[in-house]
Amino acid sequence: MGGRGTFASGKNVAYTYETVDKIEGVKVLKGLGKNHDLPQEAHSSKAYLALYSDGSFKQYREFNPDHTVAFDIDYHPEPKLIGNNMRVYHIHFYRNGVRDKLGRLLSDEEYEKYKKYFGGRKG
């Protein structure tokens, strides 16, 4: 996976991620070097996953047809959403390349659609 914003603009750069697994057909990526975030664009995939070091779900990122980020589903504490420091599944949308700051809790329908990724690595 290349650098941020380069593939969508037609520029190729060295890979900064490696595929370490697949869950339900979606590549699980690990950043190389100091990069630990998921890519801001997709070369050929519709989505990517990131896992915590223990193999549990951290983030699902889905892309638009133009290879830019559409939204992230995250699993970490969001006290402003639920009032405590417990991890919670929530979604952040991107508009004009900018991620909304707070996000919102997943709807029941969204949870049902994406829960197949939330188990992380099975072993």
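Right above here is the structure, for reference.
Colleague: Looking at this structure, I do not really get the layout of surface pockets. What am I missing?
Modeller: Once rolled over the atoms, a probe with the size of a water molecule shows which space is left empty. Size it by volume and the largest pocket reaches roughly 270 Å³. Lining the largest pocket are 16 residues, and of these Leu29, Lys30, Gly31, Leu51 and Tyr52 lie nearest its centre. For the lining of the largest pocket, the element with the highest residue contribution is strand β2 (residues 26-31), accounting for four residues. Broken down by class, the residue content of the lining of the largest pocket amounts to eight nonpolar, four polar and four charged.

Colleague: Explain the packing of aromatic side chains to me, please; I cannot follow it from the model alone.
Modeller: Working definition: an aromatic ring pair is given by the centre-to-centre distance plus the angle between the planes. Under the defined criterion, the tally for this structure stands at twelve aromatic pairs. Ring geometry for Tyr60 and Tyr114: centres 5.1 Å apart, planes at 50 degrees, overall tilted. Placement of the pair is Tyr60 in strand β4 (residues 57-63) and Tyr114 in helix α2 (residues 108-114), with a sequence separation of 54 residues. Using a relative accessible area of 4% as the deciding quantity, one classes Tyr60 as buried. Since its relative accessible area comes to 7%, Tyr114 is described here as buried. Seen in terms of ring centroids, Tyr111 and Phe118 are 5.5 Å apart; in terms of plane orientation they differ by 50 degrees. Their pairing is tilted. On the basis of relative accessible area, Tyr111 is assigned to the partly exposed category, the value being 33%. Overall, Phe118 belongs to the buried group, its relative accessible area being 8%. Site record: aromatic cluster; members linked through ring pairs are Phe57, Tyr75, Tyr89, Tyr111 and Phe118.

Colleague: Mind showing me how you'd approach the pattern of salt bridges here?
Modeller: Opposite charge on two side chains allows them to pair when their charged atoms are near. The tally for this structure, following the rule as stated, stands at five salt bridges. Note that Arg61 and Asp72 form a salt bridge whose closest N and O atoms lie 2.6 Å from each other. Linking Arg61 in strand β4 with Asp72 in strand β5 (residues 69-77), this pair joins segments that are eleven residues apart in sequence. You'll find Arg61 and Asp72 in the same group, each marked buried. The shortest N-O distance in the salt bridge between Arg104 and Glu110 comes to 2.7 Å. Overall, the relative accessible area of 34% leaves Arg104 in the partly exposed class. With relative accessibility at 16%, the residue Glu110 sits in the buried group. Overlapping salt bridges bring together Arg61, Asp72, Asp74 and Arg99 as one network.

Reading guide: rules and limits
- Residues numbered from 1 in each chain as written.
- Predicted model: local features only at pLDDT ≥ 70, side-chain atom pairs only at ≥ 80, totals over all residues.
- Heavy atoms only, no water.
- 1 Å grid on protein atoms, 1.4 Å probe; cavity = no way out; pocket = protein on both sides within 12 Å on 5 of 7 lines; lining within 4 Å.
- Points joined across faces, edges and corners; volume = space filled by probe spheres on them.
- Helix = DSSP H or I, 4+ residues; strand = E, 2+ residues; numbered from the N terminus.
- Nonpolar A, V, L, I, M, F, W, Y, C, P; charged D, E, K, R; others polar.
- Phe/Tyr/Trp six-rings, centres within 6.5 Å; stacked < 30°, edge-to-face > 60°.
- Buried < 20%, exposed > 50% of the residue type's maximum accessible area, 1.4 Å probe, protein only.
- Salt bridge = Lys/Arg side-chain N within 4 Å of Asp/Glu carboxyl O.

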